[in-house]
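Understanding the architecture of this molecule
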Amino acid sequence: MTPLPGLTELTVDPPHQPEETRAPGLAALTLEPVHCRPELLDACADLINEQWPRSRASRLHSLGQSSDNFPLCLMLLSPHPTPGHPPIVVGHARLSRVLDRPQSLLVETVVVARALRGRGFGRRLMEGLEAFARARGFRRLHLTTHDQLHFYAHLGYQLGEPVQGLVFTSRRLPAALLSAFSRAPCPRPPCTAPSLAVHAAPKASKGPSLPPPPPLPEPLATSPPPPPGLSPQSLLETGYHDLRGDPIFWMEKDI
C-alpha cells in the first residue's frame with residue numbers, strides 16, 4: 001500500500017542490506033531547515049520521491065514553500081565521507097501549524113533513506129524535530145500513520161484526535177492569519193427566534209370563521225451523547241480513514 005503524500009509515514013523495517021553498507025554515526029547528524037540549504041533541494045526531493053513518487057517539479061515547488069513562518073521542512077543531514085562535498089540528506093519531515101491550536105504542530109512526510117532504515121535514524125529525526133519545535137515555544141505534536149503505531153508509541157506518542165494543518169502559499173500572510181485563527185470568535189447578538197404562539201385572529205365582520213391551526217409537531221428525540229472516555233480508535237483498529245478510504249491513526253505527544 002502506498003500512503004498519500006502529506007501523511008506521516010515512516011518505514012522502520014529495514015530491507016536486507018549488504019555488509020559493506022556503512023551508516024554514518026548518529027552523533028554526526030544535524031537537522032536543518034530546507035530553506036536554509038537550497039543547494040540540497042534536489043537531493044531532498046529525490047529522497048521523498050523514493051518513498052512517494054510525484055512530479056519532480058511539484059515536489060520542488062512544495063519544498064520551496066518552506067519558511068520560518070511554517071510550513072517548514074527539516075532535513076536530517078550526515079557529513080559526506082569525501083571532504084569538500086555537501087552533506088547527505090538521510091531524512092526529512094515537514095512541520096505545519098494547527099488550526100485553533102497555537103502551541104501545536106502537525107508532523108508530516110516523515111521519511112528516512114531506504115538504505116539506512118532500522119538503524120536509529122528515524123528516532124534521531126523525531127527527537128531532533130521535537131527539540132526544534134520545543135525551542136520555538138510549541139508544546140504538542142500531532143501526526144498520522146497507517147502502520148507504524150508501535151514505533152511512535154515507543155517514542156511517547158498516544159492516540160489522539162484529528163487536527164487541521166494550515167498551509168500557506170504566501171510568506172507575507174501567515175502571521176496575520178495565524179493570529180486571526182487563534183483569536184476567539186467575536187460574540188454575536190443572540191438571534192431572535194420567531195414566535196410560535198398562536199395569536200387570536202381579529203373578529204371578522206363578515207364571512208365564516210377560519211378553522212383552528214394544526215397542532216405543533218412534537219419535538220424530535222435526541223440520541224444520548226456517547227459515554228465519556230471512549231476513543232474511536234485503538235492500537236488495533238480506527239474509525240478514521242484517508243482520502244483513499246484506508247484506515248489511519250491519529251497520534252499526539254506533549255513535548
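Residues numbered from 1 in each chain as written. Predicted model: local features only at pLDDT ≥ 70, side-chain atom pairs only at ≥ 80, totals over all residues. Heavy atoms only, no water.

For the record, the criterion: UniProt positions are given in the numbering used here, feature names are shortened, and annotations may be inferred rather than shown by experiment.
The name given to the chain in an unreviewed UniProt entry is N-alpha-acetyltransferase 80, with Myotis myotis as the source organism. Quoted verbatim from the Subcellular location (unreviewed entry) field of UniProt, the annotation for the chain is "Cytoplasm, Cytosol". The Sequence similarities (unreviewed entry) field of the UniProt record for the chain holds the comment "Belongs to the acetyltransferase family."

1. As for helix α1 (residues 41–51)
Stated precisely, the cut-off is as follows: Per-residue accessibility, obtained with a 1.4 Å probe over protein chains only, is compared with the maximum for each type, and a residue is labelled buried under 20%, exposed over 50%, and partly exposed between these values. Helix numbers and strand numbers start at the N terminus; a helix is a DSSP run of H or I with at least 4 residues, a strand a run of E with at least 2. Contact definition: two residues touch when any of their heavy atoms are within 4.5 Å.
Every buried residue of α1 is listed here: Cys-44, Ala-45, Leu-47, Ile-48, Asn-49 and Gln-51. Considering only its buried residues, α1 is in contact with α2 (56–64), β2 (72–78), β3 (88–98) and β4 (101–112).

2. Considerations on the nonpolar core
Under the convention used in this document: For the purposes of this section, nonpolar cores are sets of buried Ala, Val, Leu, Ile, Met, Phe, Trp, Tyr and Cys residues that join through side-chain atoms within 4.5 Å.
Leu-95, Met-126, Leu-129, Leu-141, Tyr-152 and Tyr-157 are the most contacted members of the largest nonpolar core, which has 43 residues in total. When contributions to this core are tallied by element, the ones reaching two or more residues are α1, β2, β3, β4, α3 (121–135), β5 (140–145) and α4 (149–154). Membership of the second largest hydrophobic core comes to six residues, among which are Val-163, Tyr-240, Ile-248 and Trp-250.

3. Looking at the pattern of salt bridges
Formally: By definition here, a salt bridge exists when the distance from a side-chain nitrogen of Lys or Arg to a carboxyl oxygen of Asp or Glu is within 4 Å.
For the structure shown, the criterion picks out 10 salt bridges. Linking Asp-46 and Arg-56 is a salt bridge whose minimum nitrogen-to-oxygen distance equals 2.4 Å. Of this pair, Asp-46 sits in helix α1 while Arg-56 is found in helix α2, placing the two residues 10 residues apart along the sequence. For Arg-56, a relative accessible area of 37% corresponds to the partly exposed category. Here Asp-254 and Arg-140 are joined by a salt bridge, their closest N and O atoms 2.6 Å apart. Here Arg-140 lies in strand β5 and Asp-254 lies in strand β7 (residues 249–254), a separation of 114 residues in the sequence. Note on Asp-254: relative accessible area 53%, which makes it exposed.

4. Brief notes about α2
Spelled out, the test is: To obtain the arc, one takes the directions from the helix axis to the C-beta atoms.
Of the positions making up α2, those classed as buried are Arg-59, Ser-62 and Leu-63. The arc enclosing the buried residues of α2, seen along the axis, measures out at 95°, which places them on a common side. Along α2, exposed side chains directed more than 90 degrees from the buried face belong to Ala-57 and His-61. Where the residues of α2 are buried, they touch α1, β2 and β3.

5. Brief notes about the sheet that holds β4
The criterion, for reference: DSSP calls a pair of strands paired once it identifies at least 2 bridges connecting them.
Reading across the sheet, the seven strands line up as β1-β2-β3-β4-β5-β7-β6 and stay open at both edges, with mixed pairing between neighbours. With one partner strand each, in any of the chains shown, β1 (30–33) and β6 (158–159) form the two edges of the open sheet. By the bridge criterion, three bridges tie β4 to β5 in an arrangement that is parallel. By the bridge assignment, Leu-105 is partnered in β5 with Leu-141.

6. As for the pairing of β5
Two faces, one strand: in a regular strand the side chains alternate between the faces of the sheet. Short version of the rule: Orient the strands so they point away from the viewer; a crossover is then right-handed if the path from the first strand over the helix to the second runs clockwise.
Of all six residues that make up β5, five are buried, and the element is covered over most of its length. A crossover connection joins β4 to the parallel β5 through α3; in handedness this β-α-β unit is right-handed. One ladder, built from six bridges, connects β5 with β7; its direction is antiparallel. The partner of Thr-145 across the bridge, within β7, is Phe-249.

7. Observations concerning the environment of Ser-234
Considering the arrangement of structural elements, one finds Ser-234 in the loop between α5 (174–182) and β7. A relative accessible area of 30% places Ser-234 in the partly exposed class. In this structure, the C-alpha to C-alpha distance between Ser-234 and Phe-249, residues 15 residues apart in sequence, is 8.3 Å. Dropping the residues within four chain positions of it, Ser-234 is found in contact with Leu-149, Leu-159 and Phe-249.

8. So, the pairing of β1
Here β1 shows a buried face lined by Leu-31 and Pro-33 and an unburied face lined by Thr-30 and Glu-32. In this sheet, β2 lies alongside β1 in antiparallel orientation, the contact comprising four bridges. Bridging from a neighbouring strand, Leu-31 pairs with Leu-76 of β2.

9. Structural notes on the confidence of the model for the chain
Reading predicted coordinates in detail is not appropriate for stretches of low pLDDT. How we decide: A score from 0 to 100, pLDDT tells how confident the predictor is in each residue.
Of all residues in the chain, 65% have pLDDT values of 70 or greater, and the mean over the chain is 78. Throughout residues 11–21 the model reports pLDDT below 50, and contacts reaching past four residues in sequence, or to other chains, amount to 14 contacts. Residue range residues 216–227 is modelled with pLDDT below 50. Its contacts to residues more than four positions away, or to other chains, number one contact.

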